[in-house]
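Survey of secondary and tertiary structure
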Amino acid sequence: MNPLKPGNAPRTPWIVGVSGASGTPYAAAVLRALLDAGEDVDLVVSRASRLTLLDETGISFRDAHWRDDLGEWLARGADGKPGVFGADLTRVRYWNAGDLAAGPSSGSYPARGMLVVPASTACVAGVALGLSKDLLQRAASVTLKERRPLVVAVRETPLNGQTLRHLVTLDDLGAAVVPTSPAFYAGAAHIQDLVDFVAGRVLDAAGVGHRLYRRWGGELGGAGGGGGGGE
């Protein structure tokens, strides 16, 4: 069978990289929304992010049991309550962050783009400088060189001059820099609403449709129900 024949299109996933910054609920919300939108996902979880995930959720992310651990992670609400969400993981492919021979390390590997969420300042520096010290950074560098969309959801405060210069470098290279800064005009009533707003802005930057937050509709005073606010 011809692999390029219509109706047999190759799998073209979004690569999602999770680095060691605080904010694993942001990554979970982005992953759930991508899967809800019917998108294929390639997941890379850095070594540092496993420590953050364990600290923030109590979940140990293990290579040999990644599907079970990912399912438990995505089922949790932002408040830590288990069993809040459901997610079909059949569209997810997992790559070990130490595997520099993995598919996403090559520009010939088909991918729609990459979302790094959350992005630590160390990850930002590594991508901006082209260090490619692990698969996450390598995949981000490949995304840039192939002129595919790269969204970097940086999570740190305050930002020092060095990190700001790295972020400007990423912007110059064509990446979209999305600070994990929740807004309140959408009428947030729960921590999950604030997390979903940030996840929605990450997906907006990538051009992926979602229904994670209520958009600004041009009317003031609607945060309590039915309106919105401006940015």
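Keep in mind it's a predicted model, so treat the numbers as computed, not measured.

Reading guide: rules and limits
- Residues numbered from 1 in each chain as written.
- Predicted model: local features only at pLDDT ≥ 70, side-chain atom pairs only at ≥ 80, totals over all residues.
- Heavy atoms only, no water.
- Helix = DSSP H or I, 4+ residues; strand = E, 2+ residues; numbered from the N terminus.
- Rg over C-alpha atoms; globule rule 2.2 N^0.38 Å.
- Buried < 20%, exposed > 50% of the residue type's maximum accessible area, 1.4 Å probe, protein only.
- Contact = heavy atoms within 4.5 Å.
- Expected span 1.5 Å × (residues − 1).
- Pairing = 2+ DSSP bridges.
- Axes fitted to C-alpha atoms, helices over the stretch in contact; angles between N-to-C directions.
- Right-handed = clockwise from strand over helix to strand, strands pointing away.

**Observations concerning the overall build of the protein**
When you go through the protein residue by residue, the secondary structure sums to seven helices and six strands. In the protein, the succession of helices and strands from N to C terminus is β-α-β-α-α-β-β-α-α-β-α-β-α. Relative to the 2.2 N^0.38 estimate, which gives 17 Å for 231 residues, the radius of gyration of the protein is 17 Å and therefore close to what a compact globule would have. A principal-axis box enclosing the C-alpha atoms of the protein has dimensions of 55 × 40 × 40 Å. Counting the 231 residues in the protein, one finds 49% classified as buried.

**Here we look at the side chain of Thr 180**
Within the fold, Thr 180 resides in the loop between strand E6 (176-177) and helix H7 (191-206). Taking the relative accessible area as the measure of exposure, Thr 180 reaches 12% and is therefore buried. For Thr 180, the residues in contact, after removing those within four places along its chain, are Tyr 26, Ala 153, Val 154, Arg 155 and Val 198.

**A closer look at H7**
For H7, spanning 16 residues, the distance from its first C-alpha to its last is 23 Å, which sits close to the expected 22 Å at 1.5 Å a residue. Turning to H7, its buried residues number three or more, namely Gln 192, Val 195, Asp 196, Phe 197, Val 198, Ala 199, Gly 200, Val 202, Leu 203 and Ala 206. Taken together, the buried residues of H7 touch strand E1 (14-18), helix H1 (24-36), strand E4 (113-119) and strand E5 (150-154). Directly after H7, the chain includes Gly 207, whose backbone phi takes a positive value near 80°.

**What to know about the sheet that holds E1**
Taken together, six strands build an open sheet; the order of strands is E3-E2-E1-E4-E5-E6 and the sheet is parallel. With partners counted over all chains shown, the strands left at the sheet margins are strand E3 (92-96) and E6, one partner each. Contacts between helix H5 (residues 135-145) and the sheet are confined to E1, strand E2 (41-45), E3, E4 and E5, with E4 contributing the most and set at about 135° to the helix.

**Focus on the pairing of E2**
A regular strand places its side chains on the two faces of the sheet in alternate fashion. The element E2 is extensively covered by neighbouring structure, given that five of its five residues are classed as buried. Taking every second residue as pointing to the same face, both faces of E2 are buried, with Val 41, Leu 43 and Val 45 on one and Asp 42 and Val 44 on the other. Judged from the five bridges that link them, E1 and E2 form a sheet pairing that is parallel. Paired with Trp 14 across the strands is Val 41, a residue of E2. Each parallel crossover has a hand, and the one from E1 via H1 to E2 is right-handed. Sheet topology places E2 next to E3; five bridges connect them, and they run parallel. If you follow Val 41 over to E3, its bridge partner there is Val 92.

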